[in-house]
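In case you want the letters, here they are:
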Amino acid sequence: MTREQYILATQQNSLPRTEHPQFYPVGIYGWRKRCLYFFVLLLLVTMIVNLAMTIWILKVMNFTVDGMGNLRVTKKGIRLEGISEFLLPLYVKEIHSRKDSPLVLQSDRNVTVNARNHMGQLTGQLTVGADAVEAQCKRFEVRASEGGKVLFSADENEIVIGADRLKVTGTEGAVFGHSVETPHIRAEPSQDLKLESPTRSLVMEAPRGVQVNAAAGDLKATCRKELHLQSTEGEIFLNADTIRLGNLPVGSVSSSSSSSSSSSPSSSVPRQTIYELCVCPNGKLYLSPAGAGSTCQSSSNICLWS
């Protein structure tokens with residue numbers, strides 16, 4: 001560089017500038033800055049309130065590592081302590097209580113337990129209401145706690161009572177609308193056994209015989225019209241020390257009545273023949289005309305109207 005060029009260059013730099021320099025500010029100023037600070041403060045307050053509410057909920061609901069409140073998650077499932085309320089349906093595989101406390105299911109209206117198959121169809125239902133307990137299923141069974149013996153079962157075809165003894169404590173007894181099949185009917189000790197049909201007939205049938213036994217009391221058969229003892233192939237056996245037929249009309253034969261009946265054959269009173277019911281040593285009964293030449297002994301004569 002020559003000397004003239006150096007002088008010119010230095011003179012140009014030393015000359016005063018007449019134009020003012022332009023500055024461009026960098027950042028947020030004015031109302032924008034105030035809005036930003038307001039939103040940052042609002043976000044900070046919201047975070048603090050949210051954190052406080054979360055801590056309060058954790059404290060109130062008793063959240064722990066094992067569960068929440070009365071709910072505990074164990075290896076065997078979920079454990080609830082105290083009273084629990086479910087607002088929506090509950091789907092579980094098994095519900096059981098602790099060994100030292102009962103299991104109570106309580107509802108303001110009723111408690112309904114449903115069982116469904118893999119297709120979602122209802123196969124069984126148990127409803128416990130204020131008025132009745134209803135069970136809808138194909139077969140209902142009640143088993144004993146020991147041994148699992150069936151005490152009661154019911155289905156569409158039959159009802160089975162498997163207890164060793166069926167006891168009816170009602171004052172009016174048991175009422176059956178249709179036939180009853182049983183091998184043994186017995187009353188309680190020191191109580192009477194009464195089989196009654198108020199408006200129809202009472203029929204007892206058995207293929208190998210019907211036995212009626214009163215070990216320490218009387219046996220009484222009462223009917224309104226007629227009592228028939230009939231044996232189609234066998235015999236009717238009455239075994240007792242004394243056989244009495246009460247309230248039977250007793251007739252007698254006298255000479256005056258026989259003479260008056262022979263003298264006035266046109267009398268309006270019909271003639272009545274009197275027979276004697278005789279008992280043979282072998283137990284057979286036969287009728288014999290009453291008269292002087294009776295073949296029965298006097299101690300076994302019973303006069304009947306024929």
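Residues numbered from 1 in each chain as written. Predicted model: local features only at pLDDT ≥ 70, side-chain atom pairs only at ≥ 80, totals over all residues. Heavy atoms only, no water.

## Some details on the overall build of the protein
When its secondary structure is counted, the protein shows three helices and twelve strands. Relative to its 306 residues, the protein shows a buried fraction of 4%. Restricting to contacts in the protein with at least 6 residues of sequence separation, those with at least 24 account for 14%. Counting only carbon and sulfur atoms, one obtains 55% of the accessible surface of the protein, whose full area is about 30,500 Å². (Helix = DSSP H or I, 4+ residues; strand = E, 2+ residues; numbered from the N terminus. Buried < 20%, exposed > 50% of the residue type's maximum accessible area, 1.4 Å probe, protein only. Contact = heavy atoms within 4.5 Å. Areas by Shrake-Rupley, 256 points an atom, 1.4 Å probe, with all protein chains shown as cover.)

## Remarks on the sheet that holds strand β3 (residues 78-80)
The three strands are arranged β1-β2-β3 in an open sheet whose pairing can be described as antiparallel. Either end of the sheet is taken by a strand with one partner, and the two such strands are β1 (67-68) and β3. Pairing of strand β2 (residues 71-73) with β3 involves three bridges; the strand directions are antiparallel. Counted as the bridge partner of valine 73 is isoleucine 78 from β3. (Pairing = 2+ DSSP bridges.)

## Some details on the confidence of the model for the protein
On average, residues of the protein score 76 in pLDDT, and 75% of them are at 70 or above. Averaged pLDDT values for the elements of the protein fall to 38 in strand β12 (residues 303-305) and rise to 92 in helix α2 (residues 31-60). In this model, residues 298-306 is a region of pLDDT below 50 whose contacts with residues beyond four sequence positions or in other chains number 25 contacts. (pLDDT = per-residue confidence, 0-100.)

## Observations concerning α2
In this model, α2 (30 residues) spans 43 Å end to end at C-alpha, consistent with the 44 Å of a helix rising 1.5 Å per residue. The buried count for α2 comes to zero of 30 residues, which makes it a mostly uncovered element. Where α2 ends, the next residue or the one after it, asparagine 62, has phi of about 55°, a positive value. (Expected span 1.5 Å × (residues − 1).)

## Structural notes on the sheet that holds strand β7 (residues 140-143)
Read from one edge to the other, the open sheet built from three strands follows the order β7-β8-β9, with strand pairing classed as antiparallel. A single partner strand is all that each edge strand has here, and the edge strands are β7 and β9 (159-161). With strand direction ignored, the average angle separating the axes of adjacent strands in the sheet is 10°. Where strand β8 (residues 150-154) meets β9, three bridges bridge the pair, whose relative direction is antiparallel. In the strand pairing of β9, phenylalanine 152 is matched with isoleucine 161. (Axes fitted to C-alpha atoms, helices over the stretch in contact; angles between N-to-C directions.)

## Things to note about the packing of aromatic side chains
For the coordinates displayed, the defined rule picks out two aromatic pairs. Centroid distance phenylalanine 38 to phenylalanine 39: 5.9 Å. Interplanar angle 65°. Geometry classified as edge-to-face. The pair phenylalanine 38 / phenylalanine 39 is uniform in exposure class, with both members exposed. (Phe/Tyr/Trp six-rings, centres within 6.5 Å; stacked < 30°, edge-to-face > 60°.)

## Describing the pattern of salt bridges
Applying the stated criterion to the full structure yields five salt bridges. The shortest N-O distance in the salt bridge between lysine 149 and aspartate 164 comes to 2.9 Å. You can see lysine 149 sitting in the loop between β7 and β8 and its partner aspartate 164 sitting in the loop between β9 and α3 (255-263), a full 15 residues away along the chain. Residue lysine 149 is classed as partly exposed on the basis of its relative accessible area, which comes to 38%. Taking the shortest distance from any N to any O, the salt bridge between glutamate 196 and lysine 194 comes out at 3.5 Å. In terms of burial, glutamate 196 and lysine 194 fall into one category: exposed. Residues participating in the shared-partner salt-bridge network are Arg139, Glu141, Arg143 and Asp155. (Salt bridge = Lys/Arg side-chain N within 4 Å of Asp/Glu carboxyl O.)

## Remarks on the side chain of threonine 127
Residue position: threonine 127 is located in strand β5 (residues 122-128). In this structure threonine 127 comes out as buried when scored by relative accessible area, which is 17%.

## Brief notes about the pairing of β8
One ladder, built from four bridges, connects β7 with β8; its direction is antiparallel. In the strand pairing of β8, arginine 143 is matched with valine 150. Here β7 folds back onto β8, and the loop between the two strands holds six residues, one of which, glycine 147, carries a positive phi near 90°. Between β8 and the antiparallel strand that follows it, β9, lie four residues.

## Structural notes on a nonpolar patch on the surface
A cluster of nonpolar side chains, Leu41, Leu44, Val45, Ile48, Val49, Met53, Trp56, Ile57, Leu58, Val60, Met61 and Phe63, forms an exposed patch at the surface whose accessible area comes to about 1,100 Å². What makes leucine 44 partly exposed here is its relative accessible area of 46%. (Patch = residues over 30% accessible without salt bridge, like charges linked within 9 Å, V, L, I, M, F, W, Y side chains within 5 Å.)

## Remarks on the UniProt feature "transmembrane region" (unreviewed entry) in the protein
Mapped onto the present numbering, the UniProt feature "transmembrane region" (unreviewed entry) falls at residues 36-58. For the annotated span residues 36-58, helix accounts for 100% and strand for 0% of the residues, and the straight-line distance between the end C-alpha atoms is 33 Å. (UniProt positions renumbered as here; feature names shortened; annotations may be inferred.)

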